[in-house]
Amino acid sequence: MNYENITTEQKDLIHIITINRPKQLNALNKDTIQELHEALKSANKDSKTRVIILTGSGEKAFVAGADIKEFANYNVEQGQELAANGQEILFNYLQNLTTPVIAAINGFALGGGLELAMASHIRIASDNAKLGLPEVSLGVIPGYGGTQRLAQLVGRGKAMEMITTAGMISADDAKDWGLVNHVVPQAELMELAEKIAGKICNNSGSAIKSAIKAINANYVDGLNGFTVEVTEFGNCFGTDEFVEGTTAFLEKRKANFN
Ligand code: CO8
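## Focus on the sheet that holds strand 6 (residues 108-110)
And step 1. Strand order in the open sheet formed by four strands is 4-6-8-9, with mixed pairing between adjacent strands. With one partner strand each, in any of the chains shown, strand 4 (61-63) and strand 9 (168-170) form the two edges of the open sheet. On average, adjacent strands in this sheet sit at an angle of 20 degrees to one another, irrespective of strand direction.
And step 2. Relative to strand 6, strand 4 runs parallel, the two being bridged by two bridges. Following the sheet pairing, Val63 is matched in strand 6 by Ala109.

The structure is reproduced here in structure tokens:
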């Protein structure tokens, strides 16, 4: 498929999606959100893709937020519609994708950009990255799940401070706060993302899908994570990959899941 706002690249079992609007610091307009949805959906369906890496083009920004020019004149209904649609087709969709997604944060991750990284399963950052939810400085609040996911990741107190001050934090502080897992020089960011992706690719894809469902269940109203874990644990016993994984262990060889 041809995209105008993103690029995609397949590297063995890893699918790399790059948001490609560097002149706008990769800000998310509606078309970009739709293209990201299509690219994630297609990669998730492709049995040759085991991990997705999401990053931004250029050296300055991962994503500097939702495209402010696009919603500056919206009314109440249009604002709600924009947030609801974005949450459904991109942010919640991404969190619930069963192919693991690594956000490689290569610069500013602000507003909708940080929300996109937070909806991803794993976050790593380059040492020049700056992260924040500056929405209240614009008279709005985070609308793509940021009020919920930031509090889940860093705790309510730090989320309150970040959101009400509209401040940015450094990559190192983000690591201290548990918002990103690793910080490396920018030139090494994709290398680290691919290294983590490679380790994931060595493991059972079907078990990873089950694990993601069980971990995410804790954050869904009405679902009991422990119950979902039991169900998903049981489901694993019906997979070829369970047979391969346990047989390989007993035969003292490396499992081959690909
Ligand atoms: N939207 C649109 N354009 C943007 C955005 C953005 N979020 N961020 C940067 N740009 C554009 C600038 O307008 C500029 O374009 P131009 O050259 O045509 O003037 C270009 O990118 C380069 O930006 P700057 O010249 O400002 O670069 P600086 O290095 O001086 O500053 C900053 C970099 C600090 C990142 C600065 O650009 C900035 O503050 N950007 C806005 C950050 C922000 O407020 N993000 C949050 C947006 S709101 C949001 O994400 C809400 C999410 C939830 C929405 C739910 C539904 C509405």
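Continuing now.
## Description of the pairing of strand 3 (residues 51-56)
And step 1. With respect to burial, strand 3 is a largely interior element, six of its six residues being buried.
And step 2. A two-sided burial pattern is seen for strand 3, the buried positions comprising Val51, Ile53 and Thr55 on one face and Ile52, Leu54 and Gly56 on the other.
And step 3. In this sheet, strand 5 (residues 101-105) lies alongside strand 3 in parallel orientation, the contact comprising four bridges. When the sheet's bridge partners are listed, Thr55 is paired in strand 5 with Ala104.

## Side note on the site of the ligand
And step 1. The immediate surroundings of the ligand are formed by 24 residues, with Lys60, Ala64, Ala66, Ile68 and Gly112 found nearest.
And step 2. Here an oxygen atom of the ligand sits 2.7 Å away from a polar atom, N or O, in the main chain of Ala66.
And step 3. In the environment of the ligand, an oxygen atom lies 3.5 Å from a nitrogen or oxygen atom belonging to the side chain of Lys69.
And step 4. In isolation the ligand has 1100 Å² of accessible area, and contact with the protein removes 66% of it.

## A word on the pattern of salt bridges
And step 1. The full count for this structure, using the stated rule, is four salt bridges.
And step 2. Salt-bridge contacts for Arg253 lead to Glu244; the nearest nitrogen and oxygen are separated by 2.8 Å.
And step 3. A relative accessible area of 36% places Arg253 in the partly exposed class.
And step 4. Arg253 serves as the salt-bridge partner of Glu251, at 2.8 Å between the closest nitrogen and oxygen.
And step 5. What you see here is one network of salt bridges that share partners, running through Glu244, Glu251 and Arg253.

## Looking at the domain arrangement of the protein
And step 1. Segmentation of the protein into domains returns domain 1 (6-201) and domain 2 (205-250).
And step 2. Relative to domain 2, the C-alpha centre of domain 1 lies at a distance of 26 Å.
And step 3. On the domain 2 side, the residues contacting the 11 residues of domain 1 number seven residues.
And step 4. In total, about 730 Å² of surface goes out of reach between domain 1 and domain 2, with carbon and sulfur atoms giving 57% of it.
And step 5. For domain 1, the biggest contributors to the area lost against domain 2 are Gln95, Thr98 and Gln152; these three give 56% of the whole.
And step 6. Linking domain 1 with domain 2 are zero salt bridges.
And step 7. Grouping the constituent residues of the side of domain 1 that touches domain 2 by class yields three nonpolar, seven polar and one charged.

Conventions used here
- Residues numbered from 1 in each chain as written.
- Predicted model: local features only at pLDDT ≥ 70, side-chain atom pairs only at ≥ 80, totals over all residues.
- Heavy atoms only, no water.
- Pairing = 2+ DSSP bridges.
- Helix = DSSP H or I, 4+ residues; strand = E, 2+ residues; numbered from the N terminus.
- Axes fitted to C-alpha atoms, helices over the stretch in contact; angles between N-to-C directions.
- Buried < 20%, exposed > 50% of the residue type's maximum accessible area, 1.4 Å probe, protein only.
- Near = heavy atom within 4 Å.
- Polar contact = N/O pair within 3.5 Å; in protein donor to acceptor, adjacent residues only side chain to side chain.
- Areas by Shrake-Rupley, 256 points an atom, 1.4 Å probe, with all protein chains shown as cover.
- Salt bridge = Lys/Arg side-chain N within 4 Å of Asp/Glu carboxyl O.
- Domains from an automatic or database assignment.
- Contact = heavy atoms within 4.5 Å.
- Buried area = accessible area lost by both parts, 1.4 Å probe.
- Nonpolar A, V, L, I, M, F, W, Y, C, P; charged D, E, K, R; others polar.

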